[in-house]
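Given next are the chains, with one letter for each unit.
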Amino acid sequence: MILERFITPGMGVNLYLVGAGKQVIMIDPGTIIPKVDELIEERGYELQAIVLTHGHADHIGGAEYYRDKYHVDVYIHQADDEMLQNPKHNLSKGVYGYDISIEGAIVYQDKDRLDLGDIRVEIIHTPGHTKGSSCLLINDQLFSGDTLFKMGVGRWDLYGGDGQALMNSIKSKIFTLKDMPVYPGHGVATSIAYEKERNPFVG
Ligand SMILES: [Zn+2]
Ligand SMILES: [Zn+2]
């Protein structure tokens, strides 16, 4: 089992490499991180795909670079594909100082199963932080994007946000899963049981 976490400088976004054997997928490349390239090279990892949890600039800024470099596809939920393409909605200017627009992503939907090489990703659509925000279930580990953090939840005041939808997503789609590790888009890992018991934002 491979699980590597890199923190995007300046933005605190977690970029994950997840996989097994030599195959990995990349989750939420917020920017280009030379250490990621070095590690892929050093270990001989074979990148299968880039999977985005949602369309905010801080999670997508490196996607085009890695897509081109490794000749892989970028995946995002259908409802956030327009954010990828629209800098006004992905907020890239505010984050990077320039516009980011990414075309040609492959869209996924709730309950889709993506077979990326030998890596299986189950999609759990958890709208609220953005319309298309999704959690990625990989080998009994949940990658929760900006939906659920350790002792926190994502903000819902940006484009496409909806606080009620967010709470509903967490309660009905995440807290109903069995206990497993949770790897959020920002900050340290947690678990479903821990958040169910202690998360102060989810009533
Ligand atoms: Zn976000
Ligand atoms: Zn974020």
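Please read all numbers here as calculations on a predicted model, not as lab measurements.

A. How the structure looks around the sheet that holds strand E4 (residues 46-51). Here six strands make up an open sheet; going across it, the order is E1-E2-E3-E4-E5-E6 and the pairing mixed. Each end of this open sheet is capped by a strand with a single partner; those strands are strand E1 (2-7) and strand E6 (106-108). Between one strand axis and the next, the sheet turns through 25° on average, direction left out of account. On top of the sheet, helix H1 (residues 34-43) reaches E1, strand E2 (14-20) and strand E3 (23-27); it is set at about 155° to E1, its chief contact. Across the sheet, helix H3 (residues 63-70) is in contact with E3, E4 and strand E5 (73-77); its angle to E4 comes to roughly 150°.

B. Looking closely at the sheet that holds strand E9 (residues 134-137). Here six strands make up an open sheet; going across it, the order is E7-E8-E9-E10-E13-E14 and the pairing mixed. The open sheet is flanked by strand E7 (113-116) and strand E14 (190-191), the only strands paired with a single partner. Where strand E10 (residues 142-145) lies against strand E13 (residues 181-184), three bridges are found, and the strand directions are parallel. Bridging from a neighbouring strand, Leu 142 pairs with Val 182 of E13.

C. Representation of the coordination of the zinc ion (ligand 2) in the model. Around the zinc ion (ligand 2), the donor atoms from the protein are Asp 58 (OD), His 59 (NE2), Asp 146 (OD) and His 186 (NE2), and they sit 2.1 to 2.6 Å away. Considering all four donor atoms around the zinc ion (ligand 2), angles at the metal cover 93 to 151° and the coordination shape is irregular. The sequence pattern describing where the donors of the zinc ion (ligand 2) fall on their chain is D-H-x86-D-x39-H. If you look at the zinc ion (ligand 2) and the zinc ion (ligand 1), they sit 3.4 Å from each other and are both ligated by Asp 146. Highlighted residues: His 59 in helix H2 (residues 57-60) and His 186 in the loop between E13 and E14, separated in sequence by 127 residues.

D. Here's a closer look at the pattern of salt bridges. Overall, the coordinates contain nine salt bridges when judged by the stated rule. A salt bridge links Asp 157 to Arg 155, with the shortest nitrogen-to-oxygen separation between them at 2.8 Å. Owing to a relative accessible area of 47%, Arg 155 belongs among the partly exposed residues under this scheme. Ionic contacts of the salt-bridge type, sharing partners, join the residues Asp 110, Lys 111 and Lys 173 into one network.

Parameters and conventions
Residues numbered from 1 in each chain as written. Chains lettered and ligands numbered in written order. Predicted model: local features only at pLDDT ≥ 70, side-chain atom pairs only at ≥ 80, totals over all residues. Heavy atoms only, no water. Pairing = 2+ DSSP bridges. Helix = DSSP H or I, 4+ residues; strand = E, 2+ residues; numbered from the N terminus. Axes fitted to C-alpha atoms, helices over the stretch in contact; angles between N-to-C directions. Contact = heavy atoms within 4.5 Å. Donors = N, O, S within 2.8 Å, 3.2 Å for Na, K, Ca; no water. Tetrahedral: all angles 85-135°; square planar, octahedral: opposite > 155°, others 65-115°. Salt bridge = Lys/Arg side-chain N within 4 Å of Asp/Glu carboxyl O. Buried < 20%, exposed > 50% of the residue type's maximum accessible area, 1.4 Å probe, protein only.

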